[in-house]
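# Structural description and commentary
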Amino acid sequence: MCGIVGYVGREEAGPILLDGLSRLEYRGYDSAGVAVYHPQVGLQVDKAKGRLQVLSDLLDGGKKIKGTLGLGHTRWATHGRPSDVNSHPQVSEDGLFAVVHNGIIENYSEIKEFLESKGVSFVSETDTEVVAQLLAYHYKGDLLEAVSKVLHRIRGAYALGILCADQPDRIVAARKDSPLILGRGDGFNMLASDVTAVIRYTRDVSYLDDGEIAQLTPNSVEVFDRYLRPVEKSVHHVDWEISAAEKGGYEHFMAKEIMEQPKAFRDTVSPRIQDGEIVLEGLNFDRAYLTSLDKVYIIACGSSYHVGMAGKYILEKLLRKPVEVALASEFRYCDPIVTDKTLALVISQSGETIDTLAALREAKRLGATVLSIVNVVGSTIARESDKVLYTWAGPEIAVATTKAYTTQLALVYLLALSCAKTLDSLSPEEYQELLRGFLRLPDKMEAILKHRDYIQYLASHYFNHSSIFFIGRNLDYAVGMEASLKLKEISYIHSEAYAAGELKHGTISLIEPGTLVIALAGYAPLFEKLVSNVVEVKSRGADVIGVTSAAQTGWLAPKVDAIIPLPDAHPLLLPSLEVLPMQLFAYYVALQRGCDIDKPRNLAKSVTVE
Ligand code: F6R
């Protein structure tokens with residue numbers, strides 16, 4: 001979603017703002033803009049619809065705009081179509097305030113009407129312009145006081161960057177439900193939607209919390225609550241390398257991130273295996289606690305939800321405890337049955353997804369203990385959870401998630417195995433067999449990735465299909481959901497995932513000669529049932545690609561048009577392998593179709609509006 005960058009210091013702000021925005025491009029956007037202040041020129045605002053490159057060309061990489069403090073923004077349209085005038089920064093009618101905003105001001109029409117009744121004219125269709133105009137209305141010479149008044153009047157979600165031409169030595173930031181970090185430098189300070197925008201300049205960051213206001217000058221960072229009482233913020237050092245957020249020779253971030261999965265898996269798992277035992281930091285779930293649990297409620301969105309779907313099968317099988325999986329956007333409004341004996345397992349790569357965050361708060365309010373699996377260190381979901389397990393996948397830039405999915409799943413396995421051991425719900429032999437098999441997964445992932453040319457060949461054969469079905473049972477069905485999402489989000493091919501046993505209840509009517517069906521047949525206990533479903537769709541003329549483990553290939557191959565063999569693994573562990581060729585298939589199909597793989601249309605990396 002929208003990206004925000006702010007800079008106040010001694011260097012020319014223009015190039016720094018554009019560079020910061022380029023690091024936030026992955027979040028998804030449709031227009032961009034900057035506001036920079038110079039004592040002789042005043043407030044200069046430049047905005048352009050389309051790619052950041054359009055704005056950058058207009059400003060000669062930022063060199064054409066002079067001044068040492070400013071704000072930059074990439075906009076993902078919510079209120080008002082993408083256009084120059086609706087782009088941010090939005091400026092107040094008196095030209096004093098420039099505002100960039102991520103989120104939605106829910107009561108903007110009511111405030112707009114009020115301001116119009118006072119004679120204020122609006123030029124854009126945005127909710128953000130209301131903030132700029134309201135600031136001008138309340139400003140009586142004290143910037144922070146005006147900001148505080150505005151924050152008391154607006155409702156909704158926001159990360160705000162504010163520049164006031166009357167106070168040209170500072171920028172101000174505020175947040176509620178949308179991420180904002182402060183980058184602390186020597187002789188300069190920055191604000192941004194996430195760390196990737198500032199890491200070239202500083203690795204020392206503070207995370208702004210809900211309701212806080214920050215005032216940044218070149219040499220100071222002050223943070224206040226909404227009543228302007230000072231707040232102490234700690235400074236965190238970011239230690240990942242800048243190269244982790246670059247393409248490293250690959251054509252797309254998605255390709256790089258697919259290939260990084262064995263490493264990301266090892267980085268996530270290795271520190272948690274000590275002397276052959278699973279050690280989950282800070283997690284002291286003893287037998288009495290686990291026995292007392294009434295259920296595990298997994299809450300997430302999108303691909304993280306698909307990890308939860310697989311997680312349900314895994315946790316229920318290993319713990320014999322009821323597990324419910326909920327889409328966060330449904331959970332928050334469904335009056336869920338949660339007690340103080342419920343464990344809410346919240347899964348999120350970004351740690352900022354607004355629906356997931358709201359669901360987390362609801363689960364907490366209802367008494368659940370919240371354990372989250374999160375990739376972005378210091379993100380809001382991580383900070384608000386009772387306990388957090390980080391996936392050490394490194395920054396994920398491609399909109400379509402890959403390495404976050406596999407590392408989230410890895411942590412679900414570790415959690416399930418560790419709890420099963422505590423509960424004695426698995427025999428020691430079964431536990432050891434699963435753990436050994438689990439630790440061999442990254443080598444097997446490498447073997448799959450090595451043969452990616454074959455998947456590329458299959459993609460070149462099938463990329464023209466207009467509709468593709470994924471069928472599977474049990475864990476294969478969970479993987480099918482993820483495979484289908486991956487394909488549709490980056491290749492724009494219509495696709496559905498079906499529990500294979502459901503086909504006869506309606507969907508099979510869509511199968512006609514030439515329809516492509518990808519049959520996920522990894523889960524050995526239900527292999528034969530799945531083969532029957534393959535035969536059903538084959539006899540109605542479908543083209544079928546079968547995916548199964550090496551041991552089962554001989555049985556499936558004669559029944560399908562093409563086969564993707566997977567290294568053998570315990571059936572419960574196979575999803576970690578099965579998903580890889582599906583990511584590659586989606587990637588190569590999208591490549592064949594000439595799609596913008598890292599920035600698929602209409603999508604944003606981090607969904608910070610409801
Ligand atoms: C799909 C994808 C999304 C995210 C979803 C949740 O490839 O990336 O479906 O999984 O938006 O995001 P997080 O995990 O950041 O909460």
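Heads up: these notes are all about the structure in this document.

Rules and cut-offs
Residues numbered from 1 in each chain as written. Predicted model: local features only at pLDDT ≥ 70, side-chain atom pairs only at ≥ 80, totals over all residues. Heavy atoms only, no water. Helix = DSSP H or I, 4+ residues; strand = E, 2+ residues; numbered from the N terminus. Rg over C-alpha atoms; globule rule 2.2 N^0.38 Å. Buried < 20%, exposed > 50% of the residue type's maximum accessible area, 1.4 Å probe, protein only. Areas by Shrake-Rupley, 256 points an atom, 1.4 Å probe, with all protein chains shown as cover. Lys, Arg positive; Asp, Glu negative; His and termini not counted. Charge placed at Lys NZ, Arg CZ, Asp CG, Glu CD. Pairing = 2+ DSSP bridges. Contact = heavy atoms within 4.5 Å. Axes fitted to C-alpha atoms, helices over the stretch in contact; angles between N-to-C directions.

## So, the overall build of the chain
Helices and strands together make up the secondary structure of the chain, namely 20 helices and 26 strands. On C-alpha atoms alone, the chain measures out to a radius of gyration of 26 Å, which is about the 25 Å that the 2.2 N^0.38 rule sets for 610 residues. A principal-axis box enclosing the C-alpha atoms of the chain has dimensions of 75 × 55 × 45 Å. Within the span of the chain, comprising 610 residues, buried residues form 61% of the whole. Roughly 22,700 Å² of accessible area belongs to the chain as shown, and the carbon and sulfur atoms make up 50% of that amount. Here the chain holds 63 positive side-chain charges and 77 negative ones, and the gap between their average locations is 2 Å.

## Topic: the sheet that holds strand S4 (residues 69-75)
One open sheet holds the 8 strands; their spatial order is S3-S2-S4-S1-S10-S9-S11-S14, and the pairing between them is antiparallel. Bordering the open sheet on either side are strand S3 (42-49) and strand S14 (236-237), each of which pairs with just one other strand. Both strand S9 (residues 181-184) and strand S11 (residues 204-207) contribute to a ladder of 3 bridges, which runs antiparallel. Across the sheet, residue isoleucine 181 finds its bridge partner in S11, namely tyrosine 207. Packing against the sheet, helix H1 (residues 13-24) makes contact with strand S1 (3-8), strand S2 (31-38), S4 and strand S10 (189-192), and its axis sits at approximately 155° to S1.

## Concerning the environment of aspartate 476
Note on placement: aspartate 476 falls in helix H17 (residues 475-491). On the accessibility criterion, aspartate 476 (4% relative accessible area) is buried. Once the C-alpha coordinates of aspartate 476 and alanine 310 are considered, the two residues, 166 residues apart in sequence, prove to be 8.5 Å apart. Contacts of aspartate 476, omitting those with residues within four sequence positions, involve Leu520, Ala521, Gly522, Tyr523 and Glu578.

## A closer look at the pairing of strand S12 (residues 213-217)
Within S12, 5 of the 5 residues are buried, which leaves it mostly tucked inside the rest of the structure. Covered by surrounding structure in S12 are Ile213, Gln215 and Thr217 together with Ala214 and Leu216, the residues of both alternating faces. By the bridge criterion, 4 bridges tie strand S8 (residues 171-176) to S12 in an arrangement that is antiparallel. Bridged to isoleucine 171 within S12 is leucine 216. Relative to strand S13 (residues 220-224), S12 runs antiparallel, the two sharing 5 bridges.

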